[in-house]
Amino acid sequence: MTQAPLLSIVAPCHNEEEGLREFCRRAAAAAQSVAGDAFELILVDDGSSDGTWEIISDLAAKVPQVLGVRLLRNHGHQLASTAGLSASRGERVLLIDADLQDPPELLLMMMPIMERGADVVYGQRTRREGETWFKLASASLFYSALSRVASVTIPRDTGDFRLMRRRVVDILLAMPERDRFIRGMVSWIGGRQVALPYERDARFAGTTKYPLRKMINFALDAITSFSTTPLRIATWLGMISAGVAMALLVFTFVRWLQGETVTGWSSIMAAVSTFSAIQLICIGIIGEYLGRLVQESKKRPMFMIETILRGGEQAELPTAFSEMSADDKRSALDAAFASSQPRTKMNSRTK
């Protein structure tokens, strides 16, 4: 087995061709400042439809520390991040987006904090440049709701931008759920986790990859992964509805004994509509949890890697790579590159 690098930087990429070279330059410079040449920069192409993979391939040919990982299709940010973490071998692992909203240079401040005993150093945003009022308001609402219902303490105004020790990454990779909420999973692991306040920059180039639909799905994944409170809310709604229905039944029976009929179809329709809506809400909440149980029970691969590049070499990984233990993954990576042959189009390697 080859010697593990001191540092791994993992960056999921989806249609990031405009700013990817600049990200690689800044991330490599920051890594070299703290680890010399003993680092690796893992760029994960999450099913991009632009020239992202071609740029990653070129960078992998020119920069020996770059490891390019191409997923078979778009798996989403959380699983692409997991794929990159699975391919990492460093004693310290920095997870960061490739859009340069989170400055790679903060690594120089994170490393000393970790050397003083922290298991995780996470970036906590004090200001977010270039984001709309709706994005800021919805994010604030999401973190407020999550902090009230989550079973673990998840810091507010944080993303997945964080530096982790190897043991934390290995525990994270051993967690089998497919609907992943990485920042919550890391908080669940525990240990000494330290915040590093910073001002988040605007995107260097391109547009956000998180439209409203993905934001809602992400919020649902977060809440259902770390809280059963919505199920309890459904139970309470059902009990309240049953109480109101019983009161209406008693009221109707008393009016009938008094010889008075209950008139007004509008009140009946209002009651029926209210109870129907409550029932549908409860069924929907239960369905969210049940759907996730069904997906977990299928045991499909968490992600599928099409190609992996290092320097001038292209390697193939076992089909079950995503399901392997952390140690087996590192052994599979070493074995794959030990047995691979350099690609004819990428023989030249310049530093």
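The shown structure was predicted, so the numbers you read here are calculated from the model rather than taken from an experiment. (Residues numbered from 1 in each chain as written. Predicted model: local features only at pLDDT ≥ 70, side-chain atom pairs only at ≥ 80, totals over all residues. Heavy atoms only, no water.)

**So, the side chain of Glu40**
With respect to the secondary-structure elements, Glu40 resides in strand 2 (residues 39-45). In contact with Glu40, not counting residues within four places along its chain, are Pro5, Leu7, Ser8, Ile9, Gln65, Ala87, Ser88, Arg89, Gly90 and Arg310. (Helix = DSSP H or I, 4+ residues; strand = E, 2+ residues; numbered from the N terminus. Contact = heavy atoms within 4.5 Å.)

**Regarding helix 4 (residues 107-115)**
Every α-helix winds through 3.6 residues per turn, so residues three or four apart in the chain are directed the same way. Regarding helix 4, the residues found buried are Leu107, Met110, Met111, Ile113 and Met114. The buried residues of helix 4 all sit within an arc of 165° when viewed along its axis, so they share a single face. Taken from the residues just after helix 4, Gly117 is the one with a positive phi, measuring 120°. (Buried < 20%, exposed > 50% of the residue type's maximum accessible area, 1.4 Å probe, protein only. Arc of directions from axis to C-beta.)

**Looking at the confidence of the model for the chain**
Parts of the model with low pLDDT should not have their predicted coordinates read in detail. Summing up the model confidence of the chain, the mean pLDDT is 81 and the portion of residues at 70 or higher is 81%. For the chain, the element scoring lowest by mean pLDDT is helix 8 (residues 212-226), at 68; strand 4 (residues 92-95) scores highest, at 97. This stretch, residues 341-351, has a pLDDT under 50; its non-local contacts, to residues over four places away or in other chains, come to 25 contacts. (pLDDT = per-residue confidence, 0-100.)

**Points about the pattern of salt bridges**
A pair can form between side chains of opposite charge whenever their charged atoms are brought close. This structure, assessed with the given rule, holds 17 salt bridges. A salt bridge links Asp160 to Arg183, with the nearest nitrogen and oxygen atoms 3.3 Å apart. With Asp160 in strand 6 (residues 158-165) and Arg183 in helix 7 (residues 182-189), the pair connects residues that are 23 residues apart, well separated along the chain. Here Asp160 falls in the buried class, since its relative accessible area comes to 6%. (Salt bridge = Lys/Arg side-chain N within 4 Å of Asp/Glu carboxyl O.)

**Observations regarding the environment of Ile56**
Turning to its location among the elements, Ile56 is positioned in helix 2 (residues 52-62). A relative accessible area of 0% means that Ile56 is categorised as buried. For the pair Ile56 and Leu43, spaced 13 residues apart in sequence, the C-alpha separation works out to 6.9 Å. Setting aside residues up to four positions removed in sequence, Ile56 forms contacts with Leu20, Leu43, Asp45 and Gly68.

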